[in-house]
Amino acid sequence: MTFASVITPAYRAEQTIAIPVGSILAQTHENWEMIVVSDDGLDYRSILRSHGIEDSRLRFVSTGKTAAGPGAARNIGAENARYTLLFHLDADDRYAEDYLARIVPVLETAGACVGAVRLIDPISGDEIPLSLRPAADCLMTVREAVRYCLGYATVAINSRIVSARWPEGLHYGEDFLFWLLLLEEIPGIAYVSAARYDYYFRMGSLSRPNEPTTYGICELRERMIEWLESRSFSNPEIPNVRTWLRSINDMEAEFGYRIVDTATFSREAGRRFDAAFGG
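Note that the structure is predicted; figures quoted are calculated from it, not measured.

Enquirer: Outline the environment of Leu58, supporting the account with residue identities and numerical values.
Expert: Assignment of secondary structure puts Leu58 in strand S3 (residues 58–62). C-alpha separation for the pair Leu58 and Trp32, spaced 26 residues apart in sequence, amounts to 9.0 Å. Beyond its immediate stretch of four places on either side in the chain, Leu58 contacts Val21, Trp32, Met34, Leu48 and Ile53.

Enquirer: Could you give an account of the side chain of Thr63, with specific residues and numbers?
Expert: Tracing the chain through its elements places Thr63 in the loop between S3 and helix H3 (70–80). A distance of 2.7 Å separates the side chain of Thr63 from the side chain of Asp39, its partner in a polar contact.

Enquirer: With reference to specific residues and values, describe the pattern of salt bridges.
Expert: A full pass over the atoms with the stated rule returns 16 salt bridges. Between Glu79 and Arg165 there is a salt bridge, with its nearest N and O atoms 3.2 Å apart. On the criterion of sequence distance, the pair formed by Glu79 in helix H3 and Arg165 in the loop between strand S9 (156–158) and helix H6 (174–182) is long-range, its members being 86 residues apart. With relative accessibility at 43%, the residue Arg165 sits in the partly exposed group.

Enquirer: Explain unusual backbone geometry to me, and be specific about the residues and the numbers.
Expert: The backbone of Arg12 sits at a positive phi, close to 50°, despite the residue not being glycine. The topology assignment puts Arg12 in the loop between strand S1 (4–10) and helix H1 (18–25). Here Arg12 falls in the exposed class, since its relative accessible area comes to 63%. Notably, His171 is not glycine yet its phi reads approximately 65°, a positive angle. Relative to the elements of secondary structure, His171 occurs in the loop between S9 and H6.

Calculation notes
Residues numbered from 1 in each chain as written. Predicted model: local features only at pLDDT ≥ 70, side-chain atom pairs only at ≥ 80, totals over all residues. Heavy atoms only, no water. Helix = DSSP H or I, 4+ residues; strand = E, 2+ residues; numbered from the N terminus. Contact = heavy atoms within 4.5 Å. Polar contact = N/O pair within 3.5 Å; in protein donor to acceptor, adjacent residues only side chain to side chain. Salt bridge = Lys/Arg side-chain N within 4 Å of Asp/Glu carboxyl O. Buried < 20%, exposed > 50% of the residue type's maximum accessible area, 1.4 Å probe, protein only.

Take a look at the structure:
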């Protein structure tokens with residue numbers, strides 16, 4: 001059976017780290033290692049032991065810094081991985097128990113693969129409706145990556161096929177920019193609709209701030225745009241991503257940087273998506 005490495009960056013994750021680790025311990029595919037990358041100097045081995053969690057397949061490394069960022073932590077995890085199939089799981093999320101079993105066979109021949117995302121309210125445990133996602137297994141291009149999975153999905157890669165490293169230093173949007181780097185190397189990212197990734201939508205995170213305005217998010221989005229402008233890409237769809245991000249920031253300005261209702265935001269963002277990607 002094929003082995004996999006699961007990489008989890010951990011920054012101020014002492015209250016949540018047992019969630020992803022517990023979900024990996026429950027996997028039906030048992031040939032794995034999990035690398036917890038401390039990005040805050042904490043001893044996560046001891047923290048997990050305090051929860052009664054200990055397993056020889058759990059490994060612990062460190063960025064040697066504080067808040068180096070998820071991109072840097074994932075790259076360090078990859079450098080320490082024993083296996084070529086690399087999975088990425090955030091420190092407050094979880095995989096369904098058959099996630100590895102469903103993704104590993106696809107990833108053996110695909111450069112990158114991702115499962116379906118469920119958005120979960122961490123307080124109530126209820127699922128937050130996600131209006132757009134593929135209805136069936138498919139190969140996602142840049143267009144589908146923007147339309148369906150921006151900001152939520154953590155992609156697994158086969159490092160024998162792709163060589164992209166995670167962008168570092170942005171602290172926002174690295175996951176999506178990593179998708180674009182992958183799509184410079186491969187024609188698409190495999191999507192497995194039956195594999196479930198539970199993403200906990202927490203208030204106060206970078207993507208869901210407590211502040212009553214969206215101005216800070218727009219500033220972070222500008223850094224993504226600058227990153228895209230600083231590089232040249234052969235994939236002809238990637239410039240459309242930059243156009244779309246700028247259009248979203250323009251939309252936020254039109255809203256006066258107020259947080260508006262989800263239906264309004266989705267409608268306006270969709271209209272701008274169609275304009276950027278040609279309908």
